[in-house]
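Spelled out from the first residue to the last, the chains are:
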Amino acid sequence: VTETDAALVDPGIFDGGEAERISASLPAADENPEPQESEETRPLGAEERGRALIELTPADDKDWSDFEGSMEDVWEDSALRCSVSRPEWAQYRHVYLLANAAIGGGYGAEDPQTAAKMLAAVLLRRTSNLTDVVSSCNVGVVAGLERLARLVRLTNPDASALVYRLLQMALVFIFTLRNANRIPPSPGRLWQISEQHVIPFIGHIKKTTMEQDQFSLVRGSHVHEIAPTFRAPELRIAIVGICAYPDDHPLALKDITPGNREAYAERHGYQSRMHTEPPVIGGNIQIQHAKLATMLHYILSGDFDWVVWFDCDSIIMNHHRTLDSIIYQYAQVPRSVTGRNLTGNWSDTWAPHDAPIEIFHSINGSLLARAPQIGQVSGQVVDVDVEVAFTSGALKAQFQEAPDGLALQWENGAVWYRVSRDREDGGGCLSVDDCPGLALDPEIDLFITEEGWGLSSANWMIRRSAWSVSFLQRALDVAHVEMPLFGDQDAIIYLLLNQQALTAAAMGCEETRRQEMCDPLDHHAVIVPQFELNSYDQLNALTMDCDGFDGYAFQRRVPDLLITFPQCKDPDYCNDLFRAADEYSQMNLRGETLPHEGSNWVHLRVFGPLDAVRQLYNQQRAEEEEY
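Computed from a predicted model, the values in this text were never measured in an experiment.

Draft legend 1. Just the overall build of the protein, in detail. When helices and strands are tallied, the protein shows 24 helices and 16 strands. Expressed as a percentage of its 627 residues, the buried residues of the protein come to 53%. Of the contacts made within the protein by residues no fewer than 6 positions apart, 69% connect residues no fewer than 24 positions apart. Summing over all exposed atoms, the protein offers an accessible surface of approximately 27,700 Å²; the carbon and sulfur share of this is 49%.

So this is what it looks like as structure tokens:
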């Protein structure tokens, strides 16, 4: 451990620092500094390391008391599957052992908060080189991420979102092992890690602390409600996908999905770009990376403002729901968040029986008010005053607290009371003109969902911007060049979470008091509720504990946009599901509703309700076990 590493023991180094400063305190991956030989910073000796390893490793079938040979052999690269003969990975292993010991406490153990910051800092540097991780120490990195998640949870119980993101990254690196999501037992014992440390942990965090809609918590109370049929005709939107099955392939998706997308796109003026032959966009790349190359192609074309990816096994179900409505619901600039947001309907004490006065309050303080009795007038909110230019002249009002909320006391004696913050019909904005002040945030470029174990690349939306071009190019490079074992989803998760989560852990999100640090995600991305873009069939929703398609108002008033059938590959079983979904979709397109057949297993599997699916599923499992 070098002198710069020893400095990391001082938590003050992270006060207000940036990721670059944290990373700069560690030697670069291609540097080979000589270890400093002071008592405080020297590496553990061979016997000390051996003792530490034995103490920290669960007992297994090896009798360590009869171990023959040097204890240094335990530390060989082959045993750990980690290049600890290189100084940077030897440093990583040492910091990992300190962090591991800090979890259990005990005499001489490092303070857990300091240990977390040290471990996060070395992980930040090591995982910046993905090729080196896979070739040198991927089991060790999985172990480090899992231990870091435990340390963060131990020192800050409120940082569950950060813990969740760190575990997502651990899972991504488990996938790189290409071992059926299992960590090889031999290095796993030496690193004291198995997939059973990660998978149940992430499921527990997701179920107990991450169920709330994070969008609503952060932005939802300050945004306009957008109607499901909202249209912004100026938006140029492409729906992209690959459904390249041979003509003789038995899966019915090749006959259903292309026509389904075309019908939806034609209805709303979108462009469908469905590739039904093996993809050639992007040149000689692997099929799991074709999604990134295809999306990058259409973003670079300049023909579209937003490009939407839907997997071939996703079928549009609600042809009346627009993509415009999703864009404006989740990418809009929040209304004024000063605590005095005036948007809504108001009653005038001078004319209580007249139509309500609609006020639209922009985040920059300007407002517009309209009603038959006053026409349409504009004004401004400054500090505690409201000034509006009525046709009879300018008037000022001051805020007052009323029993039912906020009131405006006008200088002419009139008082306006808020009667509703939403449109009376409950439908929300139908167009940009319908809600003055409605605008898109230029910093939001990506919509993605998460379910099960984390972020999903099945269905997502991206805006044409410099950030999006850079992001897609970088993701393609990560997946195709640096980490060929990565699929498109792994690359997306890595770019959106890895540096952000490790920086938050190294700085200590509890010290920054910034919510985005405790739920780290690139600020250009928004995680939208899963049901908006990626509802599962009800059986998959049950087994993965996530949102299932709701087309009969079991849970949501408006039918979900689409349904996805993850990993449904058996034509003998899946084709009936696809055809049931297609029948629902075609009737929805005609303005009709498919009758729900509650006694039909295919209908239950696709449409629910979830309780009936759970009951039948448990019954079938019990019968199989009995048989």
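Draft legend 2. Region of the structure containing the packing of helix α16 (residues 466-482) against helix α17 (residues 488-507). One can describe the packing of α16 onto α17 by two numbers: an axis separation of 9 Å at closest approach and a directional angle of 125°. One finds that α16 runs oblique with respect to α17. For the pair α16 and α17, the crossing hand works out as right-handed. Counting all contacts with α16, which are made through Trp467, Phe471, Arg474, Ala475, Val478 and Ala479, the residues of α17 involved are Ala491, Ile492, Tyr494, Leu495 and Leu496.

Draft legend 3. Fine view of the state of the cysteines. According to the stated counting rule, one finds four disulfides in the structure shown. A sulfur-sulfur separation of 2.0 Å characterises the disulfide bridge that pairs Cys82 with Cys137. One quick way to see it: the torsion about the S-S bond of Cys82 and Cys137 is about -100°, and its sign makes the bridge left-handed. Linking Cys82 in the loop between α4 (77-80) and α5 (87-104) with Cys137 in the loop between α7 (130-136) and α8 (138-155), this pair joins segments that are 55 residues apart in sequence. Just as Cys82 is buried, Cys137 falls in that class too.

Draft legend 4. Inspection of a negative patch on the surface at higher detail. A contiguous patch of negative charge, built from Glu623, Glu624, Glu625 and Glu626, is present on the exposed surface. Within the fold, Glu623 resides in helix α24 (residues 610-626).

Draft legend 5. Region of interest: the nonpolar core. Leu148, Trp191 and Leu496 are the most contacted members of the largest nonpolar core, which has 98 residues in total. Once residues lying within four places of it in the same chain are set aside, the contact partners of Leu148 are Ala116, Leu119, Ala120, Leu123, Leu166, Leu502 and Ala505. In terms of nonpolar packing, the next biggest core, distinct from the first, is built from 32 residues, Phe230, Ile237, Tyr270 and Cys435 among them.

Draft legend 6. Quick look at the sheet that holds strand β14 (residues 454-463). In spatial order, the strands read β2-β1-β3-β14-β13-β15; together these six strands make up an open sheet with mixed pairing. Edge positions in the sheet fall to β2 (271-275) and β15 (525-527), since each has one partner strand and no second. Pairs of neighbouring strands in the sheet enclose a mean axial angle of 25°, with direction left out of account. Sitting on the sheet, α17 touches β13 (446-451), β14 and β15, and the angle it makes with β14 is about 80°.

Draft legend 7. Looking closely at the environment of Leu253. Position of Leu253 relative to the elements: it lies in helix α13 (residues 253-268). The exposure class assigned to Leu253 is buried, which follows from its relative accessible area of 2%.

Draft legend 8. Expanded view of helix α15 (residues 323-330). With eight of its eight residues buried, α15 lies for the most part within the structure. Those residues of α15 not exposed but buried are Leu323, Asp324, Ser325, Ile326, Ile327, Tyr328, Gln329 and Tyr330.

Draft legend 9. Inspection of the side chain of Asp324 at higher detail. The residue Asp324 is located in helix α15 in this model. Residue Asp324 is classed as buried on the basis of its relative accessible area, which comes to 0%. Here Ala232 takes part through its backbone nitrogen, which lies 2.9 Å from a polar atom of the side chain of Asp324. Setting aside anything within four residues of it in sequence, one finds Asp324 in contact with Phe230, Arg231, Ala232, Pro233, Ile237 and Tyr270.

Draft legend 10. Examining the side chain of Gln168 more closely. In this fold, Gln168 is placed in helix α9 (residues 160-175). In contact with Gln168, other than residues within four places in its own chain, are Ile202, Glu450, Trp453, Gly454, Leu455, Ile493 and Leu497.

Draft legend 11. Highlighting the environment of Asp348. Here Asp348 shows up in strand β5 (residues 344-348). A relative accessible area of 14% means that Asp348 is categorised as buried. Put simply, Asp348 and Ala414 are 66 residues apart on the chain and 7.0 Å apart in space, counted from C-alpha to C-alpha. Not counting the four nearest positions on each side in its chain, Asp348 is found in contact with Ile357, Ala414, Val415 and Trp416.

Draft legend 12. Spotlight on unusual backbone geometry. Each neighbour pair has its own omega, and for Gly608 with Pro609 the value is 10°, a cis peptide bond. Tracing the sequence through the fold places Pro609 in the loop between α23 (601-607) and α24. Within the chain, Arg81 stands out as a residue other than glycine whose phi angle is a positive 50°. Its location among the elements puts Arg81 in the loop between α4 and α5.

Draft legend 13. Looking closely at the packing of α9 against α17. Contact geometry of α9 with α17 gives a least axis separation of 9 Å together with a crossing angle of 135°. Comparing their axes, α17 and α9 come out oblique. The hand of the α9/α17 crossing is left-handed. Contacts between α9 and α17 involve Leu162, Arg165, Leu166, Gln168, Met169, Val172, Phe173 and Phe175 on the former and, on the latter, Asp490, Ile493, Tyr494, Leu497, Asn498, Ala501, Leu502, Ala504 and Ala505. Its residues assigned to classes, the contact of α9 with α17 comprises 13 nonpolar, two polar and two charged.

Draft legend 14. A look at the pairing of β14. Here β14 lies mainly inside the structure; nine of its 10 residues are buried. The pairing of β13 with β14 spans five bridges and is antiparallel. For Leu446, the partnering residue across the bridge sits in β14 and is Ile462. In this structure, the hairpin formed by β13 and β14 is closed by a connection of two residues, where Gly452 is found at a positive phi of approximately 60°.

Draft legend 15. Up close: the pairing of strand β3 (residues 306-310). Across the five residues of β3, five count as buried, placing the element largely inside the fold. Taking every second residue as pointing to the same face, both faces of β3 are buried, with Trp306, Val308 and Phe310 on one and Val307 and Trp309 on the other. Pairing of strand β1 (residues 237-242) with β3, which is carried by four bridges, proceeds in the parallel orientation. Of the residues in β3, the one forming a bridge with Ile237 is Trp306. Strand direction decides the pairing type here: β3 and β14, joined by five bridges, are antiparallel.

Draft legend 16. Looking closely at the pattern of salt bridges. A complete count under the given rule lists 20 salt bridges for this structure. Residue Glu88 pairs with Arg86 through a salt bridge whose shortest N-O separation is 2.6 Å. Here Arg86 falls in the partly exposed class, since its relative accessible area comes to 26%. Across the pair Asp324 and Arg231 runs a salt bridge whose closest N-O atoms are separated by 2.4 Å.

Draft legend 17. The arrangement of the packing of aromatic side chains in detail. As enumerated under the stated definition, the model contains 19 aromatic pairs in all. Both rings, one in Tyr552 and one in Phe607, keep their centres 5.6 Å apart while their planes meet at 85°; by these two values the pair is edge-to-face. Taken together, the residues span a long stretch of sequence, with Tyr552 in the loop between α21 (538-544) and β16 (562-564) and Phe607 in helix α23 at a distance of 55 residues. The two residues Tyr552 and Phe607 agree in class, both being buried. In this structure an aromatic cluster arises from ring pairing among Phe549, Tyr552, Phe554, Tyr584 and Phe607. When the ring centre of Trp191 is taken as origin, the NZ or CZ atom of Arg93, which lies over that ring, is 4.4 Å away.

Criteria and cut-off values
Residues numbered from 1 in each chain as written. Predicted model: local features only at pLDDT ≥ 70, side-chain atom pairs only at ≥ 80, totals over all residues. Heavy atoms only, no water. Helix = DSSP H or I, 4+ residues; strand = E, 2+ residues; numbered from the N terminus. Buried < 20%, exposed > 50% of the residue type's maximum accessible area, 1.4 Å probe, protein only. Contact = heavy atoms within 4.5 Å. Areas by Shrake-Rupley, 256 points an atom, 1.4 Å probe, with all protein chains shown as cover. Axes fitted to C-alpha atoms, helices over the stretch in contact; angles between N-to-C directions. Parallel < 35°, antiparallel > 145°, perpendicular 65-115°, else oblique. Left-handed = near helix turned anticlockwise from the far one by under 90°. Disulfide = S-S within 2.5 Å. Patch = residues over 30% accessible without salt bridge, like charges linked within 9 Å, V, L, I, M, F, W, Y side chains within 5 Å. Salt bridge = Lys/Arg side-chain N within 4 Å of Asp/Glu carboxyl O. Lys, Arg positive; Asp, Glu negative; His and termini not counted. Charge placed at Lys NZ, Arg CZ, Asp CG, Glu CD. Core = buried A, V, L, I, M, F, W, Y, C linked by side-chain atoms within 4.5 Å. Pairing = 2+ DSSP bridges. Polar contact = N/O pair within 3.5 Å; in protein donor to acceptor, adjacent residues only side chain to side chain. Nonpolar A, V, L, I, M, F, W, Y, C, P; charged D, E, K, R; others polar. Phe/Tyr/Trp six-rings, centres within 6.5 Å; stacked < 30°, edge-to-face > 60°. Lys NZ or Arg CZ within 6 Å of the ring centre and 35° of its normal.

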